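Architecture at a glance
Spelled out from the first residue to the last, the chains are:
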Amino acid sequence: MPLPSLLAFAFASGLAAAIAARVELRVSPRPPLLTRSFAAWTLFSVLILVPVSVYFYVFHGDWFLLYAFDVARIPSAVALMGFVLEIGLGALGFVLGASLVRSQREVVAGGLLGLTLLVAVAVPILAKDRLSQVGSFAQYRGGFGLEPYGDGALFAGTLAMSSLTLAGFAFLLARLYYAARRR
């Protein structure tokens, strides 16, 4: 999962969480960021989404950044700000989704969710040339020593992290959907 896909997924997860929590959001007078649904989404982002991003950044950073930057030259404070931005982007998605749900525009929220997920899937397709080769920034720029994507640890890591992310996301949505129904 490259960074642009994870950022789009973070925004989409916030939107989807707000849609799944529509019952709570409609009856609660609290601001969206003070609801139990947002707390559940925050746990998902802190315990699953950001650690997945950190994994890719630390172990496959140049590939994760689509070989646009040399990870070795990025200060750690800038990387930390990027992970905070990822949480902020998801929170923005939740607030936007909550606003649309509270104003009875769930179809618009669903359309925006679909569009955002389409962007997340389109990034690997559009950047197929960069993502099909694994190596360092210098190897990619120099065109030497690159390995095919499916041959190394990156492929296994992508499968594991994608599975973990999707399982956690499904659990989050089920929890939000059914928690409101029980009240």
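The structure reproduced in this document is the subject of the present report. (Residues numbered from 1 in each chain as written. Predicted model: local features only at pLDDT ≥ 70, side-chain atom pairs only at ≥ 80, totals over all residues. Heavy atoms only, no water.)

**Considering the side chain of Thr 116**
Mapped onto the secondary structure, Thr 116 falls in helix H5 (residues 106-126). With residues near it in sequence (within four places) discarded, Thr 116 still touches Ala 8, Phe 11, Ala 12 and Leu 15. (Helix = DSSP H or I, 4+ residues; strand = E, 2+ residues; numbered from the N terminus. Contact = heavy atoms within 4.5 Å.)

**Observations regarding the environment of Arg 130**
Within the secondary structure layout, Arg 130 lies in helix H6 (residues 128-131). Expressed as a C-alpha distance, the spacing of Arg 130 and Leu 66, which sit 64 residues apart in the sequence, is 6.2 Å. Beyond its immediate stretch of four places on either side in the chain, Arg 130 contacts Trp 63, Leu 66, Tyr 67, Ala 68, Tyr 140 and Arg 141. Here Leu 66 takes part through its backbone oxygen, which lies 2.6 Å from a polar atom of the side chain of Arg 130. (Polar contact = N/O pair within 3.5 Å; in protein donor to acceptor, adjacent residues only side chain to side chain.)

**Looking at the side chain of Ser 13**
Examined against the element boundaries, Ser 13 turns out to sit in helix H1 (residues 3-20). Classification of Ser 13 as buried rests on a relative accessible area of 0%. Only 2.7 Å separates the side chain of Ser 13 from the backbone oxygen of Ala 10, close enough to count as a polar contact. There is a polar contact of 2.9 Å between the side chain of Ser 13 and the side chain of Trp 41. Contact partners of Ser 13, with chain neighbours within four places excluded, come to Trp 41, Phe 44, Leu 49 and Phe 169. (Buried < 20%, exposed > 50% of the residue type's maximum accessible area, 1.4 Å probe, protein only.)

Any link to function would need more than the numbers given here.
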